[in-house]
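Understanding the architecture of this molecule
Single-letter residue listing:
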Protein chains: 2
Amino acid sequence: MKTLKIPEATIIRLSVYSRHLTDVDRKGIITTSSGDIAEGVGVSPAQVRKDLAYFGEFGTRGVGYNVKDLRQHILRILGLSVDWSVSLVGAGHLGLALSTYKGFRERGFIITSIFDSDPKKVGTTVGDVVVLPIEQLVEVAKQNRTQIGILAVPAAVAQEIADQLIKAGVQAILNFAPVVLNVPPEIELRNVDLAVNLEVLTFNVGAQRF
Amino acid sequence: MKTLKIPEATIIRLSVYSRHLTDVDRKGIITTSSGDIAEGVGVSPAQVRKDLAYFGEFGTRGVGYNVKDLRQHILRILGLSVDWSVSLVGAGHLGLALSTYKGFRERGFIITSIFDSDPKKVGTTVGDVVVLPIEQLVEVAKQNRTQIGILAVPAAVAQEIADQLIKAGVQAILNFAPVVLNVPPEIELRNVDLAVNLEVLTFNVGAQRF
């Protein structure tokens, strides 16, 4: 975990706010308030104001926020005003689930290449992308100016693949393999452990104990 | 998001600490310190002490923490000193990825039933669990005393399935479907949006802007 001035929880909430604003915008609503946003996503209005305040003044006192403008502001903050070229490594169940996940493309994450080491998977088409042999990773990811690599591979090979992604020039790696990766400090690394989500639930189920 | 006195980020870090302590324990190490834990997981020693302080005094000044004891304490806090009976709904790519995810069983999340609406999937075996028709959800989940339901189904049917899980008596739902679910306040609900993980990365890639 990287120490940033801005809490990660704020970033995650900004992501949630932007989805909510997308829905609100689709309904044709022009202005909104921190109270409306708070109600829509289930946090307090003070939390919404505090999260937004990290990035400046967006609303107009007594009027509220322009929905389209605030949504654009937040997308820009999250780095989503541009598309990102993403390389997916591993075309197993998780890889296939990720590659067909609608939410990625909607948010500007374009999977431009998919790699696997299994000859039976190489050559098959996932969405509109052909699975390539893992040996072509560095060359193809470089050609595609890949910025983000997603690791959906077994733990045993994750470090090796991460090294190759870095060699290909990615800036960020999303790692689903249950292993601690060593990457240079300039590479943004995020490990996703799906069990953590269940643990937050079981903590909350028993939270009355504290 | 539920407002708890204890920040969710603390819960997520406790989960990370407990995994680290499991590794340390396996290496035969008897005592540890907040500094060691901090280094092992990449946060500050003060953060480790602050997170643990929510739940009382664990260590001995000048000696540190007993690894086994601290691990057990944290697992108890997270509700992981007992096994949880989990029902998985949806045997598509995501469902299959989740059902074969080793990390669940290791942490005491036992998938006791899997359901799907596709007749081609019903009757197939995933791990050691047979996929059952969705029509049997309420009955079987009740029989298995299912406590947690995992939704890996299309958004269009997620609410209906959530209602059935609640009818079957689950206490918590982990929802991967990109839709806002309505559940009674006593049900713990957690929505997993896989794109959020990418957005934290792209924010961090551009974080020098703030």
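Residues numbered from 1 in each chain as written. Chains lettered and ligands numbered in written order. Predicted model: local features only at pLDDT ≥ 70, side-chain atom pairs only at ≥ 80, totals over all residues. Heavy atoms only, no water.

**Overview of the side chain of B:Ser85**
All names here are of chain B. Tracing the sequence through the fold places Ser 85 in strand E3 (residues 84-89). Since its relative accessible area comes to 10%, Ser 85 is described here as buried. Ignoring any residue separated from it by four or fewer positions in sequence, one finds Ser 85 in contact with Ile 110, Thr 112, Asn 144, Arg 145, Thr 146, Gln 147 and Ile 148. (Helix = DSSP H or I, 4+ residues; strand = E, 2+ residues; numbered from the N terminus. Buried < 20%, exposed > 50% of the residue type's maximum accessible area, 1.4 Å probe, protein only. Contact = heavy atoms within 4.5 Å.)

**A word on the packing of aromatic side chains**
Under the defined criterion, the tally for this structure stands at 6 aromatic pairs over all chains. Note on B:Tyr101 and B:Phe104: the rings are 4.9 Å apart at their centroids and 70° apart in plane angle, and the pair reads as edge-to-face. B:Phe104 matches B:Tyr101 in its accessibility class, with the two residues each being buried. Pairwise contacts between aromatic rings join A:Tyr54, A:Phe55 and B:Phe203 into one cluster. (Phe/Tyr/Trp six-rings, centres within 6.5 Å; stacked < 30°, edge-to-face > 60°.)

**A closer look at the sheet that holds strand E3 (residues 84-89) of chain A**
Residue and element names in this part refer to chain A. Reading across the sheet, the 7 strands line up as E5-E6-E4-E3-E7-E8-E9 and stay open at both edges, with mixed pairing between neighbours. In this open sheet, the two edge strands, each paired with only one partner strand, are strand E5 (125-126) and strand E9 (188-191). Sheet topology places strand E7 (residues 148-151) next to strand E8 (residues 172-175); 4 bridges connect them, and they run parallel. Paired with Leu 151 across the strands is Asn 175, a residue of E8. (Pairing = 2+ DSSP bridges.)

**With respect to the environment of B:Thr125**
Note that B:Thr125 resides in strand E5 (residues 125-126). Considering only alpha carbons, one finds B:Thr125 and B:Ile114, 11 residues apart in sequence, at a separation of 9.4 Å.

**Digging into the nonpolar core**
Of all hydrophobic cores here, the largest spans 105 residues; its most connected members are A:Leu14, A:Leu98, A:Phe104, A:Ile150, B:Leu98, B:Phe104 and B:Ile150. When sequence neighbours within four positions are dropped, the list of residues in contact with B:Phe104 reads A:Leu194, A:Ala195, A:Leu198, B:Leu98, B:Phe109, B:Ile111 and B:Ile150. (Core = buried A, V, L, I, M, F, W, Y, C linked by side-chain atoms within 4.5 Å.)

**Some thoughts on the layout of surface pockets**
All names here are of chain A. Considering only enclosed or pocket space, the second largest pocket measures out at about 340 Å³ in volume. Around the second largest pocket sit 15 residues that line it, and Arg 49, Glu 57, Gly 59, Thr 60 and Tyr 65 are the ones nearest its centre. Looking at the lining of the second largest pocket element by element, the count peaks at 3 residues for helix H3 (residues 45-53). (1 Å grid on protein atoms, 1.4 Å probe; cavity = no way out; pocket = protein on both sides within 12 Å on 5 of 7 lines; lining within 4 Å. Points joined across faces, edges and corners; volume = space filled by probe spheres on them.)

**A word on the pattern of salt bridges**
According to the stated counting rule, one finds 12 salt bridges over all chains in the structure shown. With its nearest N and O atoms 2.6 Å apart, the salt bridge here joins B:Asp51 to B:Arg13. Taken together, the positions of B:Asp51 in helix H3 (residues 45-53) and B:Arg13 in helix H1 (residues 8-26) put the pair 38 residues apart, joining distant regions of the chain. Per residue, the accessibility class of B:Asp51 equals that of B:Arg13, and both read buried. B:Asp25 serves as the salt-bridge partner of B:Lys68, at 2.9 Å between the closest nitrogen and oxygen. Taken as a pair, B:Lys68 in helix H4 (residues 67-77) and B:Asp25 in helix H1 lie far apart in primary sequence, 43 residues in all. Each of the salt bridges in this network shares a partner with another, and the network as a whole consists of A:Arg19, A:Arg107, B:Asp193 and B:Glu199. (Salt bridge = Lys/Arg side-chain N within 4 Å of Asp/Glu carboxyl O.)

**Some details on the side chain of A:Arg13**
Using a relative accessible area of 13% as the deciding quantity, one classes A:Arg13 as buried. Here A:Asp51 takes part through its side chain, which lies 2.6 Å from a polar atom of the side chain of A:Arg13. (Polar contact = N/O pair within 3.5 Å; in protein donor to acceptor, adjacent residues only side chain to side chain.)

**Re the domain arrangement of chain A**
Considered domain by domain, chain A is made up of domain 1 (8-77) and domain 2 (84-195). Of note, the centres of domain 1 of chain A and domain 2 of chain A, computed from C-alpha atoms alone, are 31 Å apart. (Domains from an automatic or database assignment.)

**Details of the pairing of strand E9 (residues 188-191) of chain B**
Residue and element names in this part refer to chain B. Covered by surrounding structure in E9 are Glu 188 and Arg 190 only, the residues Leu 189 and Asn 191 on the alternate face being uncovered. Strand direction decides the pairing type here: strand E8 (residues 172-175) and E9, joined by 4 bridges, are parallel. Paired with Asn 175 across the strands is Asn 191, a residue of E9.

**With respect to the environment of A:Ser113**
All names here are of chain A. Examined against the element boundaries, Ser 113 turns out to sit in strand E4 (residues 109-116). If we ignore the near neighbours within four places in the chain, the residues touching Ser 113 are Val 86, Ser 87, Leu 88, Val 129, Val 140 and Asn 144. For Ser 113, the side chain forms a polar contact with the side chain of Ser 87, separated by 2.9 Å.

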